[in-house]
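The primary structure of each chain is shown beneath.
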Amino acid sequence: MNNNQPDPNYKLLLPLSMHGRFQIPVHSFGFGSDHDASLMHSVSEVSGGTFSFIESEAVIQDALAQCIGGLLSVAVQELRLEIDGFSSDVCLGTIKAGSYSSLVGGDGRWGRVDIGDLYADEERDFLVSINIPAERRGDETEVLKMRCVYKDLLTKEVVTLESHVLKIQRPETVGEEEAVVVSIEVDRQRNRFLAAEAMVKARGLAEEGDLAAAVTVIQEFRQVLAETVSARSNDGFCVALDREMKEMQERMASRHVYEVSGRAYILSGLSSHSWQRATSRGESGDGSSFVQAYNYQTPSMVEMLNRSQATSYHRLIQPLLSYVSQPKPR
């Protein structure tokens with residue numbers, strides 16, 4: 001309930017060394033109904049970690065295994081994406097980066113996203129809006145230059161990947177069919193950001209005691225989602241996203257249900273989508289609580305999950321020191 005008191009500053013609970021540009025991530029796990037999900041999520045959010053909600057003892061080991069699998073496969077550190085307009089008349093508008101710190105500067109001439117550590121085989125997707133001037137020539141236009149800067153985990157040297165140039169076609173005329181083409185990938189990521197926004201809004205209403213309005217927010221998003229190009233294409237991500245949002249609705253059926261599991265379930269989902277990183281939530285022991293359809297799970301996470309389900313805990317946590325993977329960030 002909203003008691004008209006300001007939200008506590010959970011950032012004060014962390015040492016100052018964790019407040020820097022590239023933080024030391026704190027991954028938190030809320031067990032059952034007797035934990036402060038808001039506090040745990042906030043601490044993880046501030047530090048760059050994830051929050052998982054473990055409703056049943058049956059998935060405790062698997063949840064830890066998934067997290068450990070990622071931590072043992074860090075490929076690069078202090079990763080930063082840098083974006084520059086190719087010419088002075090190309091202007092960056094906004095960068096939707098979820099929980100990652102982003103900045104647009106130079107009157108829209110450049111942008112940056114601080115990503116931090118990246119696990120092996122992980123990918124990150126961001127939505128960048130740009131303003132492009134009218135072009136009368138019937139050819140392609142170079143719009144953006146993008147490069148990645150990171151610290152190599154083995155050599156500790158700073159590495160800069162060669163710039164990638166984004167080009168778009170500028171035909172003199174556009175046919176009717178060409179004008180309505182929508183990228184499934186872009187639409188999918190847009191749905192992810194809209195889902196996170198709906199989660200934030202619904203949670204705020206629920207905390208104020210208006211569960212009916214919170215449920216309405218989720219329902220309205222599901223209706224919008226159903227009409228998107230990716231959802232109508234039966235995209236696996238959108239199918240799983242709708243299923244998750246439906247589960248959130250059900251966990252706001254009453255104040256008691258929300259307090260017991262709804263809050264933690266929403267915050268764990270928000271953590272996962274905002275960081276584009278796997279979290280566990282719910283009570284399923286068959287793997288569905290790990291939301292595999294979102295593709296946030298990496299092969300090393302899956303490997304650890306398989307080991308978890310085939311061995312005891314003390315053998316599970318033995319480090320896989322022989323496992324070394326150094327893929328380039330994508």
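For the structure itself, consult the block above.
These numbers were taken from a predicted model, which means no experiment stands behind them. (Residues numbered from 1 in each chain as written. Predicted model: local features only at pLDDT ≥ 70, side-chain atom pairs only at ≥ 80, totals over all residues. Heavy atoms only, no water.)

Colleague: I'd like a rundown of the overall build of the protein chain, residues and numbers included.
Modeller: Along its length, the protein chain carries 10 helices and 11 strands. The buried share among the 330 residues of the protein chain stands at 44%. Long-range pairs, those at least 24 residues apart, make up 68% of the contacts in the protein chain with a sequence separation of at least 6. Just so you have it, the protein chain exposes about 17200 Å², and 51% of that area is on carbon and sulfur atoms. (Helix = DSSP H or I, 4+ residues; strand = E, 2+ residues; numbered from the N terminus. Buried < 20%, exposed > 50% of the residue type's maximum accessible area, 1.4 Å probe, protein only. Contact = heavy atoms within 4.5 Å. Areas by Shrake-Rupley, 256 points an atom, 1.4 Å probe, with all protein chains shown as cover.)

Colleague: Describe the pattern of salt bridges, with residues and values.
Modeller: Tallying each qualifying case throughout the model produces 20 salt bridges. E244 is the salt-bridge partner of R281, the closest N and O atoms lying 2.8 Å from each other. Of this pair, R281 sits in strand β11 (residues 281-282) while E244 sits in helix α7 (residues 236-250); the two residues are 37 residues apart in sequence, bridging distant segments of the chain. This pair shows no difference in class: R281 is buried, exactly as E244 is. (Salt bridge = Lys/Arg side-chain N within 4 Å of Asp/Glu carboxyl O.)

Colleague: Could you give me a rundown of the side chain of E207, with the residues and numbers involved?
Modeller: By the secondary structure assignment, E207 is in helix α4 (residues 184-207). Residue E207 is classed as buried on the basis of its relative accessible area of 17%. A distance of 2.7 Å separates polar atoms of two side chains, one belonging to E207 and the other to R263. (Polar contact = N/O pair within 3.5 Å; in protein donor to acceptor, adjacent residues only side chain to side chain.)

Colleague: Explain helix α5 (residues 211-226) residue by residue, including any values.
Modeller: Under the 1.5 Å per step criterion, the end-to-end length of α5 is 23 Å for 16 residues, consistent within 8% with the ideal 22 Å. Of all the residues in α5, the buried ones are L211, A214, V217, I218, F221, R222 and L225. Buried residues along α5 cover an arc of 130 degrees about the axis, so they all sit on one side. Where α5 is buried, its residues touch α4, α6 (229-232), α7 and α8 (255-275). (Expected span 1.5 Å × (residues − 1). Arc of directions from axis to C-beta.)

Colleague: Tell me about unusual backbone geometry, and please be specific about residues and values.
Modeller: One non-glycine residue, D107, adopts positive backbone phi at about 55 degrees. Tracing the chain through its elements places D107 in the loop between β5 (101-105) and β6 (110-119). Residue D107 is classed as exposed on the basis of its relative accessible area of 79%.

Colleague: Could you give an account of the sheet that holds β11, with specific residues and numbers?
Modeller: Read across the open sheet, the 3 strands follow the order β1-β2-β11; overall the sheet is parallel. Edge strands, defined here as strands with exactly one partner in the open sheet, are β1 (28-31) and β11. Bridge analysis of strand β2 (residues 51-54) against β11 gives 2 bridges, and the strand direction is parallel. Note that in β11 the partner of I54 across the bridge is G282. Against the sheet, helix α1 (residues 37-47) makes contact with β1 and β2, and its axis sits at roughly 170 degrees relative to β1, the strand it touches most. In this fold helix α2 (residues 60-71) packs onto β1 and β2, with an angle of close to 170 degrees to the strand it touches most, β1. (Pairing = 2+ DSSP bridges. Axes fitted to C-alpha atoms, helices over the stretch in contact; angles between N-to-C directions.)

Colleague: An account of the environment of D242 is requested, with residue identities and associated values reported.
Modeller: You can see D242 is positioned in helix α7. A relative accessible area of 25% means that D242 is categorised as partly exposed. Between the C-alpha atoms of D242 and Q219, which are 23 residues apart in sequence, the distance is 9.8 Å. Apart from the residues lying within four places of it in its own chain, the contact partners of D242 are R222 and L225. Within the structure, the side chain of D242 is placed 2.8 Å from the side chain of R222, a separation counted as a polar contact.

Colleague: Residue-level account of the nonpolar core, with values.
Modeller: The biggest cluster of nonpolar side chains holds 34 residues, and the ones touching the most others in it are M199, F221, L241, M245 and M252. Every element with two or more residues in this core is listed here: α1, β2, α4, α5, α7 and α8. In terms of residue count, the dominant contributor to this core is α4 (7 residues). Those residues in contact with M199 that lie beyond four places of it in its chain are E244, M245, M248, I266, G269, L270 and H273. Core analysis: the next-biggest nonpolar cluster, separate from the first, contains 18 residues, F126, V143, L144 and W275 among them. (Core = buried A, V, L, I, M, F, W, Y, C linked by side-chain atoms within 4.5 Å.)

Colleague: Outline the packing of aromatic side chains, supporting the account with residue identities and numerical values.
Modeller: Evaluation of the coordinates by the stated rule reveals 2 aromatic pairs. Relative to F126, the ring of Y100 has its centre 5.9 Å away and its plane inclined at 85 degrees; by these criteria the two rings are edge-to-face. Taken together, the residues span a long stretch of sequence, with Y100 in the loop between β4 (91-96) and β5 and F126 in the loop between β6 and β7 (127-131) at a distance of 26 residues. Note on accessibility: Y100 and F126 belong to one class, buried. Relative to W275, the ring of Y100 lies with its centre 4.9 Å away and its plane at 90 degrees, an arrangement referred to as edge-to-face. Pair noted here: Y100 is in the loop between β4 and β5 and W275 is in helix α8, with a separation of 175 residues, a long-range link. Classification of Y100 as buried rests on a relative accessible area of 6%. Take W275: its relative accessible area is 7%, and that puts it in the buried class. Among the aromatic residues, those joined into a ring-pair cluster are Y100, F126 and W275. (Phe/Tyr/Trp six-rings, centres within 6.5 Å; stacked < 30°, edge-to-face > 60°.)

Nothing here speaks to function; it is geometry throughout.
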